[in-house]
Each structure stands twice: as structure tokens, then as C-alpha cells.
Amino acid sequence: MYRYIDLMGTMFLYSMSSTAICLMIILLYKYVYHDTSRIRIHLDDILIVTVLILITSFRYGVGSDFFRYVTNARTYYSWYSDLHRLFNWSTIQAFGGQIGYPFISVISGYISENEFAILWVTSVIIYVPLIWYCRKYTKNAFVSFSVYLLFGFWGMSLNVLKQAISMIFFAYAYEKLEEKRYILFGIFALLTFIFHSSAIIAIAVLVASKWIKPSKTIFWGAIGIGVFFRLSTPLIVKILSTISALNKYLSYFGGEKSLHTDRTFIWLGALIETLVVCCIIYFALTQIERIRLQRKDADHLLSIIIFGIPFSIIGISGNLWLANRLAKYFFFFLLPLLSVLLGKDTKKYFINGSSRRVIWMSLIVWHMMYSVLMLDNSEFVIATYLFKLF
């Protein structure tokens, strides 16, 4: 009992500090933000990306996987400094096709022998394409960027590096599919997979969701499917066992404690996240005609987020949390959706001021809860490898 009180106290402090950092970054971007219809990178974008890269590249010990990623990067560089050895078919098979992280580990080793060089490389790979995506593919870059920080995607990118990179490429794969640039779609889909094998499912859903027209019936059906599979764990295990690239994730179904991490409260975080997304989607469905005027891909956009709901429901568990992580691929598209809902419709805001304030406050509160409930698998301490303040 005392251990959990102490843990919650530690995570509460992390929650407050991490949320404060997010808000300071958002306010800085708000201050320098240049809203324009011209699609290009501005100095304000360069400034905010530089800030993000500096903050994330100097971090130390943040996240349960921090040391594993740093150690693996050094190991991969020592093994595959000759890239011919990495791009050997037997090596690719040994990695299950996931050669993305070993590759950038070698590149970071070429750039610098500093063990933390990998943090700089991954930050550039994630945040530079992110800000371009926000500027080019969303209605309001400031809103979509803020959603990335507050919904938890930024926190995720500090710990789950490979999937965070995979998700960025996945977003571009979606856009290229919408543009009917199928060769580029294939390239981004491949990049998505080589960084995280779970992308097999995400890409399949991406293609399938394009042919589904969103409606309240589909919405409630997605919830029903999620509940059904949540109550059918053996069926999930059987499905995973048929996909060789995902076999290794079967070990994640061993209970609340797996891989030496404590996920006691993660089910509650997944529940709240699912409710938040369901509320947003239900509201968006009531405004679907207006959203279609703002985005030609409105139907696909809503459908792919709805497809994430079953995975999120399955993840409402201490030992099925992997499914919730898979849902993040689809929930990423809350960025373009909320940039419409919280942005302006011609000269007027899409929704009234009180509704916008409720959504913004909900995102802030959610980020605080996310930090406590979904990141309780490690002792998160705000520190850098230059100087440790805490």
C-alpha cells in the first residue's frame, strides 16, 4: 500500500512537471506562431522544432526503455558499422524485418561516437517530419502540434522510440494513399514496418478503413467489437500466433507485471483515453457534413480513428496493454481532426468559445492523468546527461 502511495506521489510530481513543460512549449509556439494559408516551413516552426530536439536529446533516464535503446544503439553500431552486414538477408530475417532502428543506430555512430547521439538522430527523425505534417496536412499547425504534446504522443516518443518513428511514417503513408501516390505510399508503409512490426496491422487497417463510411452505427459497432475481443483473450492470442512477425508479443500477455515493469494502473488510463476519444468521435460524427467541407478525406479520417477504438478497448487491461499501444497509430489522426474542430471555419471558429475551452482543458487534464496512469511503469525523473536538477 505504501509503495503505491509513494509511486503515485512520484508520478504526480512527474505529471505536473511534464505537463508544465508541454504548456510552456505550446505557449512559446503560440507566441511566435505565424498562421498562413501558404504551405511552407516558417521560422516559428524551426524554432519550436529546435526547442523540442534540444529538450529531448539532452534527456537522461526518462522512460523504462531509455537505457535499452542507448545500449542497443551502441551494440548495433559495433556489429553493423559495415552496413553490408546489416542489409544481409539473414540479418533482416533475424530482426523480423525491423532493421530501421539498427540502421539509424549505425548512422548515429557515423555522426558521433557519443553514446547519446542516437537521441539526437531519433529526435530529428520524429519532430522535423511532425512539424511539416502539421503545417501541410492539418488545418491549423498550432492546434495539431499542441494535440501531439497534450494527448500523450510526445511522452510516448520519449520512451517508445521505434513506434514513435513508425507512427510518423504511418501518417505520411495515409496522406500518400489519399493523394493516390501509390509508390510513395508503399515506401512509407515499408518504412513504417521496418521500425515496428505492429505496423502490419496498422497498414491493413489503413487500407480497409478507406472503404468504410463513418456513421454512428459503425461507431457503436466498433465499440461492440472491442468489448467482444476484450472478453476473448484466448482468441487474441490465437490471432497473434498466426502472424509470425507478432509472435514475440505473445509474452506480453503474461499478467500485470511483464518485462520487469509494473503496469498496475495502465488499464485505468486506457479506459479514460478510450472514453475521451469516443466523446471526440461522437461529436465529430454530429458535425460530419461541416467537417467534409473542411477536409475532402473527412470520411477516411474519422473511419481510421474509429478503427482504433476496438484496440483501445482491448487494451483496458493490465496484461493486454499492447493493444492500446496499437491504437495509437489510429488515434494519431486526432491531430488533423482536432485542428478542424478547434480551428476556424472560414472566418469563424468551427465551434463556440466555451466548447473550445472545455476541449483544451480536457486535453490538459488528460495529459496529467496520462502521465500518472499510463507511464507508471518506470521511475520517471526529469534529468539530463548535462546536469541533473532532480
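Residues numbered from 1 in each chain as written. Predicted model: local features only at pLDDT ≥ 70, side-chain atom pairs only at ≥ 80, totals over all residues. Heavy atoms only, no water.

## A few points about empty space enclosed by the protein
Our working rule: The rule is simple: put a 1 Å grid over the protein atoms alone, call a set of points where a 1.4 Å probe fits but cannot get out a cavity, call an open set with protein on both sides within 12 Å along at least five of seven lines a pocket, and count a residue as lining if it has an atom within 4 Å of a point. Grid points are joined across faces, edges and corners, and a volume is the space filled by probe spheres set on the points. Numbering of helices and strands starts at the N terminus; helices are DSSP runs of H or I of at least 4 residues and strands are runs of E of at least 2.
Scanning the entire structure with this criterion turns up two cavities of 30 Å³ or more. For the second largest cavity, the calculated volume is near 40 Å³. Lining the second largest cavity are Tyr148, Phe153, Ser157, Ala164, Met167, Ile168 and Phe332. Among the elements that make up the lining of the second largest cavity, the one with the highest residue count is helix α10 (residues 161-178) (three residues).

## Quick notes on a nonpolar patch on the surface
Cut-off, in case you're wondering: Patch membership is restricted to residues that have no salt bridge and whose relative accessible area is over 30%. Joining uses 9 Å for like charges and 5 Å for the nonpolar side chains Val, Leu, Ile, Met, Phe, Trp and Tyr. Areas reported as accessible are Shrake-Rupley estimates using a 1.4 Å probe. Residue values count occlusion only from the protein chains shown. In the sections that follow, a salt bridge refers to a side-chain nitrogen of Lys or Arg positioned within 4 Å of a carboxyl oxygen of Asp or Glu.
Where nonpolar side chains cluster on the molecular surface, the patch consists of Phe12, Leu13 and Met16 and spans about 320 Å² of accessible area. With respect to the helices and strands, Phe12 occurs in helix α1 (residues 2-32).

## A few points about the nonpolar core
Threshold: Nonpolar cores are built from buried Ala, Val, Leu, Ile, Met, Phe, Trp, Tyr and Cys residues. Side-chain atoms within 4.5 Å join them into one set. Each residue gets one of three labels from its accessible area relative to the maximum for its type: buried under 20%, exposed over 50%, partly exposed in between, using a 1.4 Å probe on protein chains only. In this description, contact between two residues means that some pair of their heavy atoms is separated by no more than 4.5 Å.
By size, the foremost hydrophobic cluster in this structure holds 125 residues, and its most contacted members are Tyr127, Phe145, Tyr148, Phe332 and Leu337. Sort the elements by how many residues they give to this core and α10 lands first, with 12 residues. Leave out the neighbours within four places in its chain, and Leu337 touches Ile280, Ile281, Ala284, Ile291, Leu301, Leu302 and Ile305.

## Let's talk about helix α17 (residues 298-314)
Spelled out, the test is: For a helix, the expected span equals 1.5 Å multiplied by the number of residues minus one.
Across its 17 residues, α17 extends 26 Å between first and last C-alpha, which sits within 8% of the 24 Å expected from 1.5 Å per residue. For α17, the tally of buried residues reaches 15 of 17 residues, placing the bulk of the element in the interior.

## What about the pattern of salt bridges?
Enumeration according to the criterion identifies 12 salt bridges in this entry. Glu273 serves as the salt-bridge partner of Lys328, at 3.3 Å between the closest nitrogen and oxygen. Here the residue Lys328 occupies a position in helix α18 (residues 321-331), and Glu273 occupies one in helix α15 (residues 266-286), the gap between them amounting to 55 residues. Glu273 sits in the buried class, given a relative accessible area of 0%. A single salt-bridge network, built from bridges that share partners, covers Asp44, Asp45 and Arg135.

## Here's the deal with the packing of α10 against α18
We apply this condition: A fitted line through C-alpha atoms represents every axis, and for helices the fit uses only the stretch in contact; the resulting angles, taken between N-to-C directions, go from 0 to 180 degrees. Working definition: roughly parallel below 35 degrees, roughly antiparallel above 145 degrees, roughly perpendicular at 65 to 115 degrees, and oblique for all remaining angles. Here is the rule for handedness: rotate from the far helix to the near one, and if that takes an anticlockwise turn smaller than a right angle the crossing is left-handed, while a clockwise turn gives right-handed.
Their axes nearest at 9 Å, the elements α10 and α18 cross at an angle of 30°. With respect to their mutual orientation, α10 and α18 come out roughly parallel. Regarding α10 and α18, the two cross each other, and that crossing is right-handed. Only Arg325, Leu326, Lys328, Tyr329 and Phe330 of α18 make contact with α10, whose side of the interface consists of Gln163, Ser166, Met167 and Phe170.

## Thoughts on the confidence of the model for the chain
Reading predicted coordinates in detail is not appropriate for stretches of low pLDDT. Cut-off, in case you're wondering: Each residue carries a pLDDT score, the predictor's own confidence in it, on a scale running from 0 to 100.
Residues with a pLDDT of 70 or more make up 84% of the chain, whose mean pLDDT is 84. Mean pLDDT across the elements of the chain bottoms out in strand β1 (residues 257-258) (42) and peaks in α10 (96). Contacts of residues 376-380 to residues separated by more than four positions or lying in other chains number 24 contacts, the stretch itself having pLDDT below 50. The low-confidence segment residues 384-390 (pLDDT under 50) makes 16 contacts with residues lying over four places distant or belonging to another chain.

## Notes on helix α8 (residues 141-150)
Formally: Polar contact is defined as a pair of N or O atoms within 3.5 Å, subject to the rule that within protein one atom must be able to donate a hydrogen and the other to accept it, and that residues adjacent in sequence are counted only when both atoms are side-chain atoms.
Judged by how many residues are buried, α8 sits mostly within the fold: 10 of 10 residues are covered. Looking only at α8, the buried set comprises Ala141, Phe142, Val143, Ser144, Phe145, Ser146, Val147, Tyr148, Leu149 and Leu150. Residue Asn140 occupies the N-cap position of α8, its side-chain oxygen lying 3.0 Å from the main-chain nitrogen of Phe142.

## Quick notes on the packing of α15 against α17
Applied cut-off: Each residue gets one label: Ala, Val, Leu, Ile, Met, Phe, Trp, Tyr, Cys and Pro are nonpolar, Asp, Glu, Lys and Arg are charged, and the others, such as Gly, are polar.
Packing of α15 against α17 brings their axes to within 10 Å, and their N-to-C directions diverge by 155°. Classified by the angle between their axes, α15 and α17 sit roughly antiparallel to one another. Considering only the axes of α15 and α17, their crossing is left-handed. Taken together, the residues of α17 that come into contact with α15 (itself represented by Ala270, Glu273, Thr274, Val277, Cys278, Ile281, Ala284 and Leu285) are Leu302, Ile305, Ile306, Ile309, Ser312 and Ile313. Class assignment of the residues belonging to the contact of α15 with α17 gives a composition of 11 nonpolar, two polar and one charged.

## With respect to the environment of Gly155
Relative to the elements of secondary structure, Gly155 occurs in helix α9 (residues 153-157). The class of Gly155 is buried, set by a relative accessible area of 11%. With 93 residues separating them in the primary sequence, Gly155 and Val62 have C-alpha atoms 9.7 Å apart.

## Section: the side chain of Gln163
Among the structural elements, Gln163 can be located in helix α10. For Gln163, a relative accessible area of 1% gives the class buried. At a separation of 2.9 Å, a polar atom in the side chain of Gln163 contacts the main-chain carbonyl oxygen of Arg325.

## Things to note about the packing of aromatic side chains
Within a pair of aromatic rings, the relevant descriptors are the distance that separates the centres and the angle that separates the planes. Heads up, the condition is: A pair of aromatic rings is counted whenever rings of Phe, Tyr or Trp (Trp by its six-membered ring) have centres within 6.5 Å, and the orientation is called stacked for planes under 30 degrees apart, edge-to-face for over 60 and tilted otherwise. Whether a charge sits over a ring depends on NZ of Lys or CZ of Arg being within 6 Å of the ring centre and within 35 degrees of the ring normal.
In total, this model carries 41 aromatic pairs according to the counting rule given. Plain terms: the ring middles of Tyr148 and Phe332 are 6.2 Å apart, the flat faces sit at 75° to each other, and that makes the pair edge-to-face. Of this pair, Tyr148 sits in helix α8 while Phe332 sits in the loop between α18 and α19 (334-341), and the two are 184 residues apart along the sequence. By relative accessible area, which is 3% here, Tyr148 ends up buried. On the basis of an interplanar angle of 80° and a centroid distance of 5.3 Å, the ring pair of Phe228 and Phe229 is categorised as edge-to-face. Above the plane of the ring of Phe142 lies Lys30, whose end atom (NZ or CZ) is 5.1 Å from the centre. Over the face of the ring belonging to Tyr69 we find Arg68, whose NZ or CZ atom lies 5.2 Å from the ring centre.

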